[in-house]
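Structure at a glance
Next come the chains, spelled out residue by residue.
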Amino acid sequence: MKELIEVLAQSLVDHPEEVTVTETGKDNEIIFELKVAQDDMGKVIGKQGRIAKAIRSIVKAAASRTDKKVTVEIGQ
């Protein structure tokens, strides 16, 4: 799933080399933290957060096979 987030983010931004995804796990939860360049934040979040919502929806759909809660946090 980490690779899925990287591919989605890299296809949206101008600086794909600066895209990083870190994964931390707790009991029944996996948290992915997506970091992009400052200039690319708007492209990843989108108007009214629509692109960020879409990324989260895709990741949750991909994670539906696992019985874990998946969260995607977007930062810089």
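Residues numbered from 1 in each chain as written. Predicted model: local features only at pLDDT ≥ 70, side-chain atom pairs only at ≥ 80, totals over all residues. Heavy atoms only, no water.

On a plain count of helices and strands, the protein chain comes out with 3 helices and 3 strands. Ordered by position in the sequence, the α and β elements of the protein chain form the string α-β-β-α-α-β. Expected size for 76 residues packed as a compact globule is a radius of gyration near 11 Å; at 12 Å, the protein chain falls within 12% of this value. Projecting the C-alpha coordinates of the protein chain onto the three principal axes gives extents of approximately 35 × 20 × 15 Å. Per-residue burial over the protein chain gives 30% buried out of 76 residues. A separation of at least 24 residues holds for 53% of the contacts in the protein chain among residues at least 6 apart in sequence. Total accessible area computed for the protein chain in this model is approximately 5,000 Å², and 49% of it derives from carbon and sulfur atoms. Taking the average place of the 12 positive charges on the side chains of the protein chain and the average place of its 13 negative ones, the gap between the two points comes to 8 Å. (Helix = DSSP H or I, 4+ residues; strand = E, 2+ residues; numbered from the N terminus. Rg over C-alpha atoms; globule rule 2.2 N^0.38 Å. Buried < 20%, exposed > 50% of the residue type's maximum accessible area, 1.4 Å probe, protein only. Contact = heavy atoms within 4.5 Å. Areas by Shrake-Rupley, 256 points an atom, 1.4 Å probe, with all protein chains shown as cover. Lys, Arg positive; Asp, Glu negative; His and termini not counted. Charge placed at Lys NZ, Arg CZ, Asp CG, Glu CD.)

Bringing the sheet that holds strand β1 (residues 20-25) into the picture now. Sheet architecture is open: 3 strands sit in the order β1-β2-β3, paired in mixed fashion. Two strands bound the open sheet, and with one partner strand each, they are β1 and β3 (69-75). For this sheet, the mean angle separating the axes of adjacent strands, direction not counted, is 20°. (Pairing = 2+ DSSP bridges. Axes fitted to C-alpha atoms, helices over the stretch in contact; angles between N-to-C directions.)

This paragraph deals with the pairing of β1. In regular strands, side chains alternate between the two faces of the sheet. Looking at chain direction, β1 and strand β2 (residues 29-35) are connected through 6 bridges and run antiparallel. Residue T20 lies in a different strand from β2, and its bridge partner there is K35. Linking two consecutive strands that pair antiparallel, namely β1 and β2, is a turn of 3 residues.

Right, let's talk about the pattern of salt bridges for a bit. Pairing between side chains of opposite charge can happen when the charged atoms of each approach one another. Using the criterion set out here, one finds 2 salt bridges in the structure. The closest approach of N and O atoms between K35 and E33, which form a salt bridge, is 3.9 Å. Overall, K35 belongs to the partly exposed group, its relative accessible area being 33%. (Salt bridge = Lys/Arg side-chain N within 4 Å of Asp/Glu carboxyl O.)

Now for the environment of I74. For I74, the position within the fold is in strand β3. For I74, a relative accessible area of 23% corresponds to the partly exposed category. Sequence separation between I74 and Q10 is 64 residues, and the spatial gap between their C-alpha atoms is 13 Å.

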